[in-house]
Amino acid sequence: MELSIIVPVYNEEANIELLFSRLHIVLKQLNLNHEIIFINDGSVDNSLKILKKLAIECHEVKFIDFSRNFGHQVAVSAGIDHCQGNAVVIIDADLQDPPEIIPVLYDKLKEGYQVVYARRKSRSGEGFLKKFTAKLFYRFLAKITSVKIPLDTGDFRIMDRRIVSVLKQMPEQQKFLRAQIAWAGFKQTYVEFDRDQRNAGETGYTYRKMIRFALDGITGFSNLPLKFATIAGFIVSGITFIISLYALYARFVSKDFVPGWTSLILAVLFIGGVQLISIGIIGEYISRLSTNVRSRPLYIVSESNIISN
Ligand code: UDP
Ligand code: MG
């Protein structure tokens, strides 16, 4: 098998067929032995039906149907677990990532790279808030981690077998593939493309999912937030020490003191705030630690034409 295409699917009934036909044209030109693995991530529309139909019509089409929605990163991970190609492409089902870029990615990979990611030159059809928060988040993440995560990049990319086996060895339950791949090293490069707008349907990434994804990225690739508690503790203690000196001076030397409710309440609120933030940060790490200790299966397959259960 030379090429595997991994497509996570969540309520994409209006996009699958168009995606498949565009992929089909591209793959025909490439003329490689290939497979297309669709992972149905608990869609509640007709996605599964369409996938099954495609799988009957075309033997290169494989599908993995999850028992419920496990999330985009887990869906892609299932594809990575079960793909067989020497080169593996991850692509969205909503046609925001144009399949016509795949030959460009493939050619670049053949120049001797292990990863070629598709970098967004422009993104159309996405709200200001989404683009702005994404930009801010990835720049913040870059500041607090030592892993060089490429900016303005999603999961649309091609990688070779060595990267796939590295990913399969990474047991964490909170997948943040773009950073895991960057962490793997080897020779990585990019090509630029203009990201289209979603062909039909609506985004499966709610703000809730985005926040969880962002926290997975931070907790998975940086321990700096944990140190925040220590740093904040030192700063607050320093300030408190100076204030204590002043309080003693005012009480015993200048005897110029007023029973101060304001300063008291400010100090209590401030320290309370710092403590709550610190406990919250520790909580984020501990909740992920406990998920990993439980080590439940990452996903449950309900039905598939490549996995027997
Ligand atoms: N997706 C998924 N599970 C989810 C959410 C999304 O498999 O819980 C898939 C979705 O079908 C698409 C890709 O992940 O193929 C990217 O999702 P989406 O287009 O909704 O995200 P956006 O492009 O808006 O960030
Ligand atoms: Mg999309």
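Residues numbered from 1 in each chain as written. Chains lettered and ligands numbered in written order. Predicted model: local features only at pLDDT ≥ 70, side-chain atom pairs only at ≥ 80, totals over all residues. Heavy atoms only, no water.

*Asks:* So what's going on with the layout of surface pockets? Which residues, and what values?
*Replies:* Reported here for the largest pocket is a volume of approximately 1,100 Å³. As for the largest pocket, its lining consists of 47 residues, of which Arg-123, Glu-126, Lys-130, Tyr-205 and Met-210 are closest to the centre. Looking at the lining of the largest pocket, the elements with two or more residues in it are strand E1 (3-9), strand E5 (115-123), helix H5 (128-144), strand E6 (153-160) and helix H8 (207-221). Looking at the lining of the largest pocket, the element that brings in the most residues is H5, giving eight residues. (1 Å grid on protein atoms, 1.4 Å probe; cavity = no way out; pocket = protein on both sides within 12 Å on 5 of 7 lines; lining within 4 Å. Points joined across faces, edges and corners; volume = space filled by probe spheres on them. Helix = DSSP H or I, 4+ residues; strand = E, 2+ residues; numbered from the N terminus.)

*Asks:* I'd like a rundown of the packing of helix H9 (residues 224-253) against helix H10 (residues 261-294), residues and numbers included.
*Replies:* The geometry of H9 relative to H10 is characterised by a closest axis approach of 8 Å and an angle of 160° between their N-to-C directions. Compared by their axis directions, H9 and H10 come out roughly antiparallel. Note on packing geometry: the crossing formed by H9 with H10 is left-handed. Seen from H9, the contacting residues are Pro-225, Leu-226, Phe-228, Ala-229, Ala-232 and Val-236; seen from H10, they are Phe-270, Ile-271, Val-274, Ile-277, Ser-278, Ile-281, Ile-282 and Tyr-285. (Axes fitted to C-alpha atoms, helices over the stretch in contact; angles between N-to-C directions. Parallel < 35°, antiparallel > 145°, perpendicular 65-115°, else oblique. Left-handed = near helix turned anticlockwise from the far one by under 90°. Contact = heavy atoms within 4.5 Å.)

*Asks:* Before we move on, can you summarise the environment of Ile-101 with the specific residues and values?
*Replies:* With respect to the element layout, Ile-101 can be found in the loop between strand E4 (87-90) and helix H4 (102-110). In this structure Ile-101 comes out as buried when scored by relative accessible area, which is 16%. When neighbours within four sequence positions are excluded, Ile-101 is seen to be in contact with Phe-156, Val-191 and Phe-193. (Buried < 20%, exposed > 50% of the residue type's maximum accessible area, 1.4 Å probe, protein only.)

*Asks:* Tell me about the site of ligand 1, and name the residues and values.
*Replies:* Around ligand 1 sit 19 residues, and of these Glu-12, Asp-41, Asp-94, Gln-96 and Gly-204 come closest. Measuring from a nitrogen atom of ligand 1, one finds a side-chain N or O atom of Asp-41 at 2.7 Å. In this structure, an oxygen atom belonging to ligand 1 sits 3.0 Å away from a side-chain N or O atom of Asn-69. Put simply, ligand 1 lies in the largest pocket. Considered class by class, the residues forming the shell around ligand 1 number five nonpolar, six polar and eight charged. (Near = heavy atom within 4 Å. Polar contact = N/O pair within 3.5 Å; in protein donor to acceptor, adjacent residues only side chain to side chain. Sits in = over half its atoms within 2 Å of the grid points. Nonpolar A, V, L, I, M, F, W, Y, C, P; charged D, E, K, R; others polar.)

*Asks:* Break down the coordination of the magnesium ion (ligand 2) for me, citing the residues and quoting the values.
*Replies:* Of the protein atoms, only Asp-94 (OD) and Gln-96 (OE1) coordinate the magnesium ion (ligand 2), at distances of 1.9 to 2.0 Å. For the pair shown, Asp-94 and Gln-96 are each scored as buried. (Donors = N, O, S within 2.8 Å, 3.2 Å for Na, K, Ca; no water.)

*Asks:* Mind laying out the nonpolar core, listing which residues take part and the relevant values?
*Replies:* Core analysis: the largest hydrophobic core is formed by 38 residues, its most contacted members being Leu-3, Ile-5, Val-7, Phe-38, Ile-102, Phe-156 and Ile-158. In terms of residues, this core owes the most to one element, helix H1 (residues 16-30), which gives seven residues. Residues Ile-64, Met-159, Leu-167 and Leu-177 belong to the second largest nonpolar core, which totals 28 residues. (Core = buried A, V, L, I, M, F, W, Y, C linked by side-chain atoms within 4.5 Å.)

*Asks:* An account of the packing of aromatic side chains is needed here, citing residue identities and associated values.
*Replies:* The description of two aromatic rings rests on the distance between their centres and on the angle between their planes. A full pass over the atoms with the stated rule returns nine aromatic pairs. Consider the rings of Phe-66 and Tyr-299, whose centres lie 5.0 Å apart with planes at 15°: the pair is stacked. Separated by 233 residues along the polypeptide, Phe-66 in strand E3 (residues 61-66) and Tyr-299 in the loop between H10 and strand E8 (301-304) bring together distant segments of the chain. Both residues of the pair, Phe-66 and Tyr-299, belong to the buried class. Centre to centre, the rings of Tyr-205 and Phe-213 are 6.1 Å apart; their planes meet at 55°, and the pair counts as tilted. Ring pairs connect the aromatic residues Phe-176, Tyr-205, Phe-213 and Phe-221, which therefore count as one cluster. It is Arg-68 that lies over the ring of Phe-70; its NZ or CZ is 3.9 Å from the centre. Over the ring of Tyr-190 we find Arg-119, and its NZ or CZ is 5.1 Å from the ring centre. (Phe/Tyr/Trp six-rings, centres within 6.5 Å; stacked < 30°, edge-to-face > 60°. Lys NZ or Arg CZ within 6 Å of the ring centre and 35° of its normal.)

*Asks:* Explain the packing of helix H6 (residues 161-168) against helix H7 (residues 177-184) to me, using residue names and the numbers behind them.
*Replies:* Packing of H6 against H7 brings their axes to within 10 Å, and their N-to-C directions diverge by 115°. Between H6 and H7, the interaxial angle falls into the category roughly perpendicular. Here the hand of the crossing between H6 and H7 comes out right-handed. Contacts from Ile-163, Val-166 and Leu-167 of H6 reach H7 at Leu-177, Gln-180, Ile-181, Trp-183 and Ala-184. Here the residues of the contact of H6 with H7 sort into seven nonpolar, one polar and no charged.

*Asks:* Any chance you could break down the pattern of salt bridges for me, citing the residues and the numbers?
*Replies:* Within this structure, the stated rule accounts for 16 salt bridges. The salt bridge involving Arg-198 is made with Asp-94; its shortest N-O contact spans 3.3 Å. One end of the pair, Arg-198, is in the loop between strand E7 (188-195) and H8; the other, Asp-94, is in the loop between E4 and H4, with 104 residues separating them in the sequence. Residues Arg-198 and Asp-94 agree in their burial class; the two are buried. Across the pair Arg-119 and Asp-152 runs a salt bridge, and its minimum N-O distance is 3.9 Å. (Salt bridge = Lys/Arg side-chain N within 4 Å of Asp/Glu carboxyl O.)

*Asks:* Mind laying out H8, listing which residues take part and the relevant values?
*Replies:* Taking 1.5 Å as the rise per residue, H8 with 15 residues should run 21 Å; its terminal C-alpha atoms sit 21 Å apart, in good agreement. Within the sequence span of H8, burial applies to Met-210, Phe-213, Ala-214, Asp-216, Gly-217, Ile-218, Thr-219 and Phe-221. (Expected span 1.5 Å × (residues − 1).)

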